[in-house]
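Letter by letter, the chains look like this.
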Amino acid sequence: KNQVEQSPQSLIILEGKNCTLQCNYTVSPFSNLRWYKQDTGRGPVSLTIMTFSENTKSNGRYTATLDADTKQSSLHITASQLSDSASYICVVNLEGQAGTALIFGKGTTLSVSS
Amino acid sequence: DAGVIQSPRHEVTEMGQEVTLRCKPISGHNSLFWYRQTMMRGLELLIYFNNNVPIDDSGMPEDRFSAKMPNASFSTLKIQPSEPRDSAVYFCAISSGGPYNEQFFGPGTRLTVL
């Protein structure tokens, strides 16, 4: 069964600290993996997209890694800011399919406090 | 929320009433998606359209749900009759295809059925 599991479910950190969010997937065939940020009351916004041949991609203070062999991804946030408080969703795209191809994780809720 | 307008942003209704959610995508896309998000199940694809034609509605929970896309700039999701378990946030998303099939989400409609 195609699944995406994220951990931890929630996380609280102090402003300025780093953190790492985890994503494990059992999706095949794999096309690409995305990380979305969803602020409260808003729709998800894409942070990074990686294909199986890419093992790291950065977007400012956000760095995503991908290990296609172990089927694991992580999202590292450096020097966290209050505005990083949001839900982070890992999404895996099945290869060869268009609309119904996205398998969503349930997200990690990050709270950054001052 | 870039490129997608959803209305209403919030809807509170009583069980048994008809509910219509609206989505107005900005031009330049060829696919439109309706998602439902709950705490328990996360984001779930309900239906998607390609060039205004419904391609896959296997995610629509039951016959009470229906979706239309009469033209490229407008889509509706209707629930009739509504039930309390339909309470969720409903998102519309668009995609223009491309190598990553990236999707852009609207701000969502929060539906509460009493």
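Going by the structure above, here's the rest.
So, here is what we can say about the structure in this document. (Residues numbered from 1 in each chain as written. Chains lettered and ligands numbered in written order. Predicted model: local features only at pLDDT ≥ 70, side-chain atom pairs only at ≥ 80, totals over all residues. Heavy atoms only, no water.)

### Some points on the pattern of salt bridges
- Taken as a whole and assessed by the stated rule, the structure comprises 11 salt bridges over all chains.
- Salt-bridge contacts for D84(A) lead to R61(A); the nearest nitrogen and oxygen are separated by 2.8 Å. Within this pair, whereas D84(A) is found in the loop between β8 (72-77) and β9 (86-94), its partner R61(A) is found in the loop between β6 (56-59) and β7 (62-67), the two being separated by 23 residues in sequence.
- As a salt-bridge pair, D86(B) and R64(B) come within 2.7 Å of each other at their nearest N and O atoms. You can see D86(B) sitting in the loop between β8 (74-79) and β9 (88-95) and its partner R64(B) sitting in the loop between β6 (53-56) and β7 (65-71), a full 22 residues away along the chain. (Salt bridge = Lys/Arg side-chain N within 4 Å of Asp/Glu carboxyl O. Helix = DSSP H or I, 4+ residues; strand = E, 2+ residues; numbered from the N terminus.)

### A look at the sheet that holds β7(B)
Residue and element names in this part refer to chain B.
- The 4 strands lie next to each other as β1-β3-β8-β7, forming an open sheet whose pairing is antiparallel. Two strands bound the open sheet, and with one partner strand each, they are β1 (4-7) and β7. Averaged over neighbouring strand pairs, the angle between their axes works out to 15 degrees when direction is ignored.
- Where strand β3 (residues 19-25) lies against β8, 5 bridges are found, and the strand directions are antiparallel. (Pairing = 2+ DSSP bridges. Axes fitted to C-alpha atoms, helices over the stretch in contact; angles between N-to-C directions.)

### Notes on the environment of I77(A)
Residue and element names in this part refer to chain A.
- Structurally, the position occupied by I77 is in strand β8.
- A relative accessible area of 0% means that I77 is categorised as buried.
- Distance in space between the C-alpha atoms of I77 and E54 is 19 Å, their sequence separation being 23 residues.
- Non-local contacts of I77, meaning those with residues more than four positions away in its chain, are made with K17, N18, C19, R61, Y62, D84, Y88 and L110. (Buried < 20%, exposed > 50% of the residue type's maximum accessible area, 1.4 Å probe, protein only. Contact = heavy atoms within 4.5 Å.)

### A closer look at the state of the cysteines
- On inspection of all chains with the given rule, the structure shows 2 disulfides over all chains.
- One disulfide in the model links C23(A) with C90(A); its S-S distance is 2.0 Å. Here C23(A) and C90(A) share a disulfide; its torsion about the S-S bond, -65 degrees, makes the bridge left-handed. Within this pair, whereas C23(A) is found in strand β3 (residues 19-26), its partner C90(A) is found in strand β9, the two being separated by 67 residues in sequence.
- Taking the relative accessible area as the measure of exposure, C23(A) reaches 0% and is therefore buried.
- What pairs with C23(B) in a disulfide is C92(B), and their sulfur atoms sit 2.0 Å apart. Handedness here is read from the sign of the S-S torsion; for C23(B) and C92(B), about -65 degrees, the answer is left-handed. (Disulfide = S-S within 2.5 Å.)

### Let's talk about the sheet that holds β6(A)
Residue and element names in this part refer to chain A.
- Read across the open sheet, the 5 strands follow the order β1-β3-β8-β7-β6; overall the sheet is antiparallel. Since the sheet does not close on itself, it has two edges, and those belong to β1 (3-7) and β6, each with one partner. Each neighbouring strand pair of the sheet contributes to a mean axis angle of 15 degrees, computed without reference to strand direction.
- Judged from the 4 bridges that link them, β6 and β7 form a sheet pairing that is antiparallel.

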